[in-house]
Structures are given as structure tokens and as C-alpha cells.
Amino acid sequence: MSWGDPVVPDEEVLQKSLDWDLFRRLLRYLRPYRGRVILAIGLLLVLSGLAILGPYILKLAIDRSIANDSLDASLRVSMLLKFSAFYLCVLMLEFVTRYGQMILTTLVGQKVMYDLRMEIFSHLQKLSLTYFNRNPVGRLMTRVTGDVEVLNELFTSGVVQIFGDLFLLGGIVAAMMLLDVKLALVVFTVLPVIFIATGIFRRRVRDSYRDVRTRLAKLNAFLQESITGMTVIHLFGAEARSFDRFSFLNGDHRDAHLRTVFYYAVFFPVIEVIGAIATALIIWYGGRGVLSETLTFGALAAFLQYATHFFRPIRDLSEKYNVLQSAMASSERIFSLLDTEPRIVGPEKALPFQPFQNAIEFDNVSFAYRDEDWVLCDISLTVKKGERVALVGATGSGKTTMVNLLGRFYDVQKGAIRLDGIDLRDMDPHDLRRRMGTVLQDVFLFSGSVDRNIRLGDDTISREEMKEAARIANAHTFIERFSDGYEHELQERGSGLSTGEKQLLAFSRALVFNPEIFILDEATSNIDSETEHLIQEALERILVGRTSLVIAHRLSTIQNVDRIVVLHHGEIREMGTHQELLRQGGLYKRLYDLEIRSAVESTGTDG
Amino acid sequence: MRELLRLRPYLARYKGSFAIGIVHVFLTNVFTLISPLILMRAIDELRDGALTRPLWVYASIVVVLALIQGVFRFMMRKVMIGASRKIEFDLRNDLFSHLGSLSVAYFDRTRTGEIMARATNDLNAVRMFVGPAIMYVANTFFTLVIGLTLMLRLDWQLTLLALLPFPLLSLGVKMLGSRLHDLFQAIQEQYATITTHVQENITGIRVVKAFVREEEQIEGFRVLNREFIERNMSMVRLWGLFFPIMGLLTGIAMLIVMGFGGFRVVSGNLTLGGFVAFTSYLGMLTWPAIAIGWVINLIERGAASMKRISEILDEEPDITAPEIAEAPPIRGGLRLDDVSFAYNGEPVLEEIDLTVGEGETVAIVGAIGSGKSTLLRLVPRLYDVSRGEILIDGVPLRSLSLSHLRSAIGFVPQETFLFSMTVKENIRFGDPSLSDEQLEEICRLSRLTPDLDKFPEGWDTVVGERGVLLSGGQKQRIAIARALARNPRILILDDSLSSVDVNTEEAILVGLREYRRGRTTLIVSHRLSAVRDADRIVVLEEGRITERGIHRELIRNGGFYSRLYERQKLIRELEDLE
Ligand SMILES: Nc1ncnc2c1ncn2[C@@H]1O[C@H](COP(=O)(O)OP(=O)(O)OP(=O)(O)O)[C@@H](O)[C@H]1O
Ligand SMILES: Nc1ncnc2c1ncn2[C@@H]1O[C@H](COP(=O)(O)OP(=O)(O)OP(=O)(O)O)[C@@H](O)[C@H]1O
Ligand SMILES: [Mg+2]
Ligand SMILES: [Mg+2]
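Position labels on residues start from 1 in each chain and follow its written sequence. Starting at A for chains and at 1 for ligands, labels are handed out in the order in which the entities are written. Two thresholds apply to this predicted model, a pLDDT of at least 70 for residue-level local features and 80 or more for giving and counting side-chain atom pairs, whereas whole-chain, interface and lining totals are computed over all residues. Side-chain numbers come from the whole structure's heavy atoms, not from hydrogens or water.

**Some remarks on the overall build of chain A**
- By definition, any uninterrupted DSSP run of H or I lasting at least four residues is a helix, any uninterrupted run of E lasting at least two residues is a strand, and each is numbered from the N terminus. Looking only at helices and strands, one finds 20 helices and twelve strands in chain A.
- Within these notes, the globule rule equals 2.2 Å times the number of residues to the 0.38 power, and the radius of gyration is based on C-alpha atoms. The C-alpha radius of gyration computed for chain A amounts to 36 Å, which surpasses the reference 25 Å derived for 607 residues by more than 25%, pointing to a less compact arrangement than a globule.
- With the C-alpha coordinates of chain A rotated into their principal frame, the extents come out at 130 × 55 × 50 Å.
- With a 1.4 Å probe rolled over the protein chains alone, any residue whose accessible area is under 20% of its type maximum counts as buried; one over 50% counts as exposed, and the rest are partly exposed. By residue count, 60% of the 607 residues in chain A fall in the buried class.
- Working rule for contacts: check all heavy atoms of both residues, and any pair within 4.5 Å makes them a contact. Once local pairs closer than 6 in sequence are excluded, the contacts in chain A between residues at least 24 apart make up 77%.
- Working note: accessible area of chain A is about 24,200 Å², and carbon and sulfur atoms make up 55% of it.
- Only four residue types enter the charge count, namely Lys and Arg as positive and Asp and Glu as negative; His and the chain termini do not. To locate a charge, take atom NZ for lysine, CZ for arginine, CG for aspartate or CD for glutamate. For chain A, the distance from the average site of its 68 positive side-chain charges to the average site of its 74 negative ones is 7 Å. The accessible surface values rely on the Shrake-Rupley method and a 1.4 Å probe; as for residues, cover is taken only from the protein chains in view.

Set out below in C-alpha cells:
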């Protein structure tokens, strides 16, 4: 089958069972809310105390009143009333404490989630394109949303409840020991069995959860890609094929889940049986105690209650362990994102922003996207302020790459690019990019209004300026045709517009920021020549005094530039004005002749 | 809640599992609930000081009961939760295949993030309903019924009194339910919004960076994020009451047992063993009673989510076609007969009449937004005409099955979309059965060979999402190769050479000239080079055909085409002057 795996390289299935460093790092996010956390833990302590108190009151009630045949009935009843009243107080207190504790932990959890999400999202903005090229969109989205949601569970029902469970366990052990040491010890003989059972369970479940996660990631990546590429799937009649693939991944995911279902189905009854053994021990050993009058009936009843209370937290803890487990995996992935050093950063002390004065200089620049696959070799080129330079060359020759380097989306491996003599690497990349207005080869529009797509939410630009930019780019006419004009809402990636229209919007966007340096990468490739001509005329006026770098396959559009650079296989092959290059009779002339001939000299009619 | 009825067919498919599951729930409860009676016997005999059997017998009975109960419980979980995973699988498959049947128009207006949120988050909420929720409902039901029967037999007065708080409980549950539904829906919606924002930000990161809009993006995210938290909190404020109230009510039941039950023991109407058994029953009832709350939450979530999933499933595929198994092969003659088309009431094409003979090449030119791509999209029925008809070999498109129609068409869309697979897999997407020789031939035709030679991994180079790891022209040529791989009767090229240099363009055009022979071809281009030697050229202006003819005729027409031509010529004459 030709439909291979959606490529998800190195989906990190790093799995550490319980990494204290990770855990400590997670706890750090609680620090701003430490008051509330401490309060919540305090409330939990109170709650466990109250939970232990319940069976104890029962014991007192049985021993002092209910089963106390030595007292007369009315006295027993009045005592019973007192115990009941006391019990009611305990209940009320428990109610208030539990609600308070719940609200507190959720609030803290939500706040931590908020902080984390902000941190991840902000960090993402700093990472370089290399990172985004390597990581599928779906995966990065999972970091900001899904993984954080998992952590939420850890903070709200996990960490804090684990404290609660531990307190409760401790309390129960203590209470049992206080009631009757020997019986308590007899009951505790089941503990090793529990530890072994939960140990096995945890390991199994951990492994199958790991499978669940990786398979789910694959499944969703595939789904996402299928949705975005649905037109292509339709066009190529690949519905059935992609469904088969999806169904296969879906089945894999289901099977992984079925395994965890099995482990859980085994685990819960096992714990119950162990619980029953504890009850049996109480009946047997405790009953003997009652016979020999070393144990009261009240204590026996209390023991029975404690035993049931005892197994709940244990069961919960092993479930929590899984929450913890997936939270660890999620946090590991989140932290690895947060630990990815932004590779394109400014120096410690970035030089103050200065207007562009002199020249852009590529000095023996070599660059490879990967290892040693050189895409650009030894490029040297100086573009003076106010100069207009065109880059031409075959497809894949490295034109877009040069522009990428100029905006410092990647760093050069050899040589240097300098702006007014300053290495780009010594500049704040934001300052650098603010000087440039770029029309990217691949147009990207956001969903949202036309206005937002042009101004990109920058309110320092007036509406008039925006309209002016749209006019120059010839976008104004078609925008005005929408009933809601600039407020017209675009759909995802600007669908709802024709390709040319999208390109004009992207053009307006570059114009509106009024940059010192214009970079046009195939900015009019999908525009008809008439419109293109109009834009060109308008640009003539705008580009006066500005520096521009234009990439175009249609040579007719770049004849007026000051200099043309011909790239071939990542090297500069020719350089000069249109006339010079024609006279040289090299690559450029060949291309140019071809273009003129193919466009104008028709099959026999003309000239 | 009505939304959940939709799940009936899915549940029906596994009704065997659910039936078995429910029987096991019943049996589990029977054996669980017997054991307090053993306890009662033991305690009563202890109190009377007259053991009829040794204590170890009672103890072993408790263990044996637990073992039997354990087996049933295992089955119950395995069968019921297992079935829920299978239903999840079915539902997800159905969702996907339904998405596949929806037309491009649906995907135009629906955001990917919205669909993703439904296929992940919402689907999971529904799964929680089908599995755990149903299981716990059954469990609670049986525990209550069996438990109550046994308790009533022990002491009906105490039972009735102890149960007083429970009706209150269900009242509270009911009141919370509908409110929770709304709150939950609001949360899910906000989650989808956040997802969408993140997705757009990441896919558009180049633009964000190029225009230094990071701060603005972060601010936008902050607003959404804050709203998300607020919605969550308002849910929790209400929902947070639930467990404490449950705890309080069951606590009060316990209180009644202790107070009134104690009184009954003192007054000699209940044995001490019965009293202990009662406390034990209450302990067993507590969890199922609390589970009601949890289950309510699951049901509400499930219903809210099912509603959102149904929105997709209820979306009618607006492009439908008969399923015809046998059909004569398509030869490729095309006729557009008085075709008009509007996207959303906005007319884009009007009264188009166009005939393309079998094997003919027709070129379409026109200004941006004049409707060229729209016209091309009508041929493989990505959209349906609003008026008029398109016929292929004299047969209306609507009477052909979609797969038959589309299998005859090789379409190169104006905007390239590649899957994140290897180059080879992307080309083979056109036809999975392509042999390596054919592949090579196609690569040669689309001029990919020189680039492939340059790539260290050649054909097996991974192209990245949407092809981010390639240059613009490389992407476009892979899309061409993908279409050629279909060996189509009708080849449709929508401005498909816009990102390649003149040299490459020329080479591809020359190659295609041969390839086109005998195939019907539609070409849209802004460049004369690509359209010049078409059999016929059609000019579209504002959705209408304003000129048609061959190059030679049109350049003298004084219309759009001749202006186009003059512009090119002008350049050349300027050249000559210098
Ligand atoms: N992100 C990337 N990762 C790896 N390789 C890349 C990446 N982008 C481009 N390349 C490779 O680098 C080479 C140059 O690509 P570039 O985009 O600079 O070409 P171009 O001159 O702009 O071509 P076109 O005219 O087709 O747009 C190509 O072989 C391409 O496959
Ligand atoms: N999916 C859509 N929904 C609504 N309107 C659309 C959609 N696609 C295109 N349009 C509108 O229909 C008109 C024709 O668009 P079309 O894409 O057919 O133009 P085109 O001739 O191909 O232009 P270009 O040369 O720019 O590719 C345009 O005004 C465009 O805004
Ligand atoms: Mg490029
Ligand atoms: Mg188009």
C-alpha cells in the first residue's frame, strides 16, 4: 500500500516511571500559589481526621450504649443521642471542608494550567523554523492543549488527592493500632500481597498506556492531515484507501485500550478479594478476641469499617498512579519543548535599533538545511541601500533560501550576512524583521477579517493606510466588492478567495508595514499580467529610495531592477543589469530568449 | 439528552455484550451483598456466646463469596468497558468515512480545529458515557434493588428511615444536570476555539515571525486562555458541591442507622449483628450513590459531546451520485451547457457554454477572480453547478458514480497540497499500483528527475507537512506528477506552472504536448506560453465567457487576450528599440 505512515519522526516515547526531577520541576509551578496549596493540604488533613473519627464514634456508640447491657435503656438512648449529635457535627464540618478543598485545588490547578499554557505558547513563538519543520502541527498542538489537560488532572485530582489518600492511610493504620495492636498486625499481613498485586498491575498498565498514547498520536496526526487534504483525497478517489488506513490505525488504538481494560478488569476484583480476606481475618481473629473478651464489639465493628476505608485509598492510589504516569509523560514532553533553546536569538546586549543606512552584504555565505547538503555555496553579494536587486534561477536553486537567511529564519553555517556592517547574529531578530516587508512564496492567510489579515492586528496602522496599501496592491477593488468590505471574514487559510486574490492580500500586508526593505518572493506568480502591470506601476513609485529584493520566474517583470543575480545550483552564476546580462549571452540570455519566444512568437502568424 | 438516542444503533450492535455485562453486574451484586449477612450471623452468635460453627468457617465463606464475585466483576468490566472501546472505534470510523463523503464546501466553512476537537475530546466524552456511565448505572441500580430488599427484610422501619436522604439526592442531581450540560458545552466550545487558535498560529508561524507579530498572538491566546479558565471555574463551583453533598447525605443515612438503629437494638427489635450488617450495607450503598453524581456528569458530557459529533454526522453530503458498478469507460468529451454557479449566493460563473471535444485542449485565461478555478472544480464535481448541466461523453455528470468520474480525471490544483509522506508515496497517491518504470517516466515528464538526483534520499525524501521541506517549484511538479500518475482521460492544469522557471516550464510543456495527444486537457494559466497552442482559448471575465477562438484570431480581437499579447509584445519591442 502506498499510503505509508504519516511521518512522525522521533515521537518521543520517553518514559520514566517516576522521575523526581520532573516532579520537582512540576511542583515549582505551584510555588506562586503556595499559600492556597498549603491551605488545601491542611483541609485534607482535617478531612482524613474526620473520616477516621466516624468509625470511632460508631465504636463508642456500640460499646458505651448499644451493646452495653449493663446500663438501663433510657440512659443508653440518651447517650446514643449525644453520639448522634456529635456525628452530625462531624458531617457538617466534613461538608464545608470538602467543598472548600475542592474549589481550592481546582482553582490552583486551573491557574497552573493557565501559566503553563502561556509559557508553552510564548516559548513556541521563539523557536526557529527548523523546529517547526521537524514537528508536525498536530504534535505541537497536543503540547499546548492535550498534554496540559493531562497535567490538569494531575494537579486537581492527582497530587493533592494523593496527599489525602496518604493521610487517610496513615490515619487508619494509626487508629487500628490504637484499637488493637495484635488484630491490626494480623490485618496488615495482607499488605504485602497488595503491594505485589499493584506493582504488577502498574507495570502492565504503564506499558499499554504508552502504546495507547503513541497510537493515538498517529491516529490524530493522520486525521488532521486527511481533513486538511480532503480536496486532494476527493480528487484522487482516495476515500476508500484513506479510510482503510484510518481504520487500521483506529483498530491499533482500540486494541491497545482493550489491553488496559483487561488489566483493570483483573486488578479491581483482585483488590476486592484481598479486602475480603482482611474482613475474614477480622471475623476470625477478632471474633476470637471477642470470645476471650480482649476485644469489644464496638472495636470489631470499627475494624470492619476501617478495613473498607483502608482499601479505597489503596485502590485510588494505584489509579492515581496512572494519572501520575501519563502526567509524567506529558510533562516530559512539555519540558522538552520548553527546554528547546530558541536557536535564533539576539545577543545579550542587542545593538539599539538604527535605520538602515548602507548595505546588505552576503559574505561568502554557505548554508545547508541538513548536515552537509549544501543548498547555498559561497554566496557573496552586496545590496546597497536604495538598490533593487532581482534573484532569478531555476526552481530549487536556492532563491527562497537566500531570502530566508536574510530574515534570519535560519543561521548561516559559513560566512556571514551583514546589515550596515553588523552581523545579523548580533542583532535582535525582531528588530531585523521589522525593517523588512515580505511577500512569502507560500501565501498564508489567517481566518478572520480581511482587515486583520492585512494589518495583522497592529492598531498603530490607520485604516486609511491599510486601504492605501490595498489600493496599491490592487486588492481594494475585490475587497470593496464584499458587502462587508474590509470586515469580510475569511475562512481557514483564506479559503473563499481565489489564489490571485490571496496573493494580493499578502502583498498589501507587506506594503502596509511600510518597510525599509522589500522582499518579494514570487509575489505575483498567480496574478494576471494586466493586474501585475498595474501593481508594477504603483510599485515604481513606492520603491523609489527603498531597497528591494525580488524573486521572479517571469523575467519580464524584473527588467527595471538595478541588478539581476542569476543563481544556479546554489551558486551565483551571473550578475549585472538586464542589458549587461543579455550582452554576456549566458544563462540569463537563454532564459530570456526562451520566455520572449514562447510568449510572443506564436506558431507562425507573428513576425 | 435526546442526543444520546443517536447511539442506539451502536449499542444495538453490541447488545449481546451489554446483556452479558448486565447479567454479570447483577451476579456481582448478589454475591457482594450476601456477605454482610454472614457477618451478621457471626456477630449474633458471638454475642449470644453460642457459635454453631467455628469462626474460620464464616471467614472462609466471606472469602469464597468474594472470589465468586470477583470473577463476575472481571467479566462485567471486560465485557462492558471493552464494548465501549469497540463502539468508540466504530463511531470514529463512521465519523471519518462521513467526513470523506462531505464536499469541499463543508471543509471551506468548517475549521480543522473544530473537527479535530470533535473527533478527539468529544468522542472521548461519548465513550465515557457508553462504557463507564452505563456500567455504573446498572451497578447502582442492582446494588440499590438487591441491597434494599435485603435491608427491608432485616428491618423495614430502619431501612425506610435511613433511606430518607436518598430522594433528596436524586432531586439535587436533576437540578444540577441541565445546568451542567450548558456549562460543559461552553467549556468544550472554548476548548475548540483555543485549539483552532494554536493551530493557526503554528501553521502560520512564518507570517507571524516575518511580521514580528508574536506579541499580538500571545495576547490573543491570553484572552482565550483566561476565558477557558473562567468557564472551567464556573463549572467547578457548581460541580464542586456535588461530592460534598453526596457525602453529607450518605453521612446522614449513616447517622440515622447509628441513632435509630442503635435505638432499635436497645429496644430489642434488632440484633447487634443486624445493626453491624446495616452499617456495612450503607457502606456498600454509599459508593453507588455517589457514583450517581459522577455518572450524571458523564451523561451530561456525553450528551453535549454527542450533539457536537452529530452536527458532523447529520451534515448531508451535498454531492451525491448513484453507485453504478458497470459503466462504459469515460472517453473525455466535455460539454458545459448554460452553466451557472454561485458559492454562497454570490454568482461566480454565469451562462457558460463550452464544448471540449475528446482529445482536445482548451485553455482558459482571465483576470484574477474571474472564475477559472471555479470552472475547473465543477468538472470533477468538487462543487455542483447551480444551474445548467455538465455532460461528459454526452452523459450528465450527476448520473455517473463519483469514483468512476474522478478516476478519469487528473487534476493539478492551483494550490499544492502534499501529504507528509515521501516523494514517491505522494506521486503514487495518484495511482498506488504504479510501477517503478512508470514512475520514472512520470518524473521525467514533470521534470522532477534533476531534483530527485540532487536529494540524498531521492524518491524516498520526506517532504514534510504540506511539503514544507521542498521549494515552491518542486512541490508544484510533484503535484503534476501525481496527476499524470492517474493516466487520466481528462487532464486539468490550474495555473500549474506558476512556480517554475521558464526553462523548466518549456521542458514540461514540450513533454506534455506529446502526452496530451488523445487526452482532453483543460489548462488555466496567466502565461501565454502555456496556452498559446491550445486548440481553443477561452477568455473568462467576471464569470462570463467573453472571447473564444484560437491564438491567431484572438490577438486581433482587441479584447482581454490581445491586450495580454500586446503587453508581452511591447516588452519585446522595447527590447528591439534599445
Ligand atoms: N526547509 C527545508 N528543509 C530542507 N530542505 C529544504 C528546505 N527548504 C528548501 N529545501 C531545499 O533547498 C533547495 C533550495 O530550495 P529553495 O526553496 O531555496 O528554492 P527556490 O530557488 O526558491 O526554488 P523555487 O523557485 O522552486 O521556489 C531545494 O532543493 C529544496 O528541496
Ligand atoms: N470557496 C469559495 N467560497 C466562496 N467564494 C469563492 C470561493 N472560491 C473562490 N471564490 C470567489 O469566486 C470568485 C472566482 O474565484 P476563482 O478561484 O474561480 O478565480 P480564478 O479565476 O481562479 O482566479 P485566480 O486567477 O486568482 O486563481 C472570486 O471572486 C473568489 O473570491
Ligand atoms: Mg522559492
Ligand atoms: Mg484560480
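Continuing now.
**Points about the sheet that holds strand β3 (residues 388-393) of chain A**
Residue and element names in this part refer to chain A.
- Only strands that DSSP links by at least two bridges are regarded as paired with each other. Sheet architecture is open: six strands sit in the order β6-β9-β10-β3-β11-β12, paired in mixed fashion. Each edge of the sheet is formed by a strand with only one pairing partner; in this case those strands are β6 (436-439) and β12 (571-576). Strand-to-strand, the axes of this sheet are offset by a mean angle of 15 degrees, without reference to chain direction.
- Relative to strand β9 (residues 517-521), β6 runs parallel, the two being bridged by four bridges. Residue pairing in the sheet places glycine 437 in a bridge with phenylalanine 518 of β9.
- Orientation is described by axes fitted as lines to C-alpha atoms, over the contacting stretch for helices, and by angles from 0 to 180 degrees between their N-to-C directions. Sheet strands touched by helix α17 (residues 499-512): β6 and β9. Its angle to β6, the strand with the most contacts, is close to 175 degrees.
- Packed onto the sheet, helix α18 (residues 529-543) meets β3, β9 and β10 (547-551) and runs at close to 155 degrees relative to β9.

**Re helix α2 (residues 15-48) of chain B**
- Each residue after the first adds 1.5 Å to the expected span of a helix. Helix length check: α2 of chain B (34 residues) gives 50 Å between terminal C-alpha atoms against 50 Å at 1.5 Å per residue, within 8%.
- Directly after α2 of chain B, the chain includes glycine 49 of chain B, whose backbone phi takes a positive value near 65 degrees.

**Concerning the interface of chain B and chain A**
- Every contact between the two is made by 169 residues of chain B and, on the other side, 177 residues of chain A.
- Summing the contributions of chain B and of chain A, the shared interface buries around 16,200 Å²; its carbon and sulfur component is 67%.
- A per-residue breakdown of the area chain B buries against chain A is headed by Phe96, Arg206 and Phe211 of chain B, which together make up 5% of the total.
- By convention in these notes, a salt bridge is any Lys or Arg side-chain nitrogen within 4 Å of a carboxyl oxygen on Asp or Glu. There are eight salt bridges connecting chain B and chain A.
- Arginine 213 of chain B is paired through a salt bridge with aspartate 458 of chain A; the nearest N and O atoms lie 3.6 Å apart.
- In the analysis that follows, any N or O atom pair within 3.5 Å is treated as a polar contact, provided that within protein one partner can donate a hydrogen and the other can accept it, and provided that, for residues neighboring in sequence, both atoms belong to side chains. Here chain B and chain A share 40 residue pairs in polar contact (both at pLDDT 80 or more) between them.
- Per-element accounting of the side of chain B that touches chain A gives the leading share, 26 residues, to helix α3 (residues 55-101) of chain B.
- Across the side of chain B that touches chain A, the residue classes break down as 80 nonpolar, 42 polar and 47 charged. Values labelled buried area give the accessible surface lost by two parts on being combined, using a 1.4 Å probe and summing over both. Ten residues, namely Ala, Val, Leu, Ile, Met, Phe, Trp, Tyr, Cys and Pro, are considered nonpolar, four, namely Asp, Glu, Lys and Arg, are considered charged, and the remaining ones, Gly among them, are considered polar.

**Structural notes on the sheet that holds strand β2 (residues 374-384) of chain A**
Residues and elements named next belong to chain A.
- Pairing within the open sheet is antiparallel, and its four strands lie in the order β2-β1-β4-β5. Each edge of the open sheet carries a strand with a single partner, namely β2 and β5 (422-423).
- Bridging between strand β4 (residues 414-419) and β5 involves two bridges; their strand directions are antiparallel. Paired with leucine 419 across the bridge in β5 is isoleucine 422.

**Focus on the pairing of β12 of chain A**
- Judged from the five bridges that link them, strand β11 (residues 563-568) of chain A and β12 of chain A form a sheet pairing that is antiparallel. Looking across to β12 of chain A, one finds that valine 565 of chain A is bridged to methionine 575 of chain A.

**Remarks on the coordination of the magnesium ion (ligand 3)**
Residues and elements named next belong to chain A.
- Excluding water, the donors of a metal are its N, O and S neighbours within 2.8 Å, or within 3.2 Å for Na, K and Ca, and that exclusion means sites may look incomplete. All of the protein donors around the magnesium ion (ligand 3) are Thr400 (OG1) and Gln441 (OE1); their distances to the metal are 1.9 to 2.1 Å. With threonine 400 in helix α12 (residues 399-406) and glutamine 441 in the loop between β6 and β7 (448-449), this residue pair connects regions lying 41 residues apart in the sequence.
- Under the relative-accessibility criterion, threonine 400 is labelled partly exposed at 25%.

**Some thoughts on the coordination of the magnesium ion (ligand 4)**
Residue and element names in this part refer to chain B.
- Note on the magnesium ion (ligand 4): its protein donors are Ser373 (OG) and Gln414 (OE1). The metal-donor distances range over 1.8 to 2.1 Å. Note that serine 373 is positioned in helix α12 (residues 372-378) and glutamine 414 in the loop between β6 (409-412) and α14 (423-428), a separation of 41 residues in sequence. Taken as a pair, serine 373 and glutamine 414 share a single burial class, namely buried.

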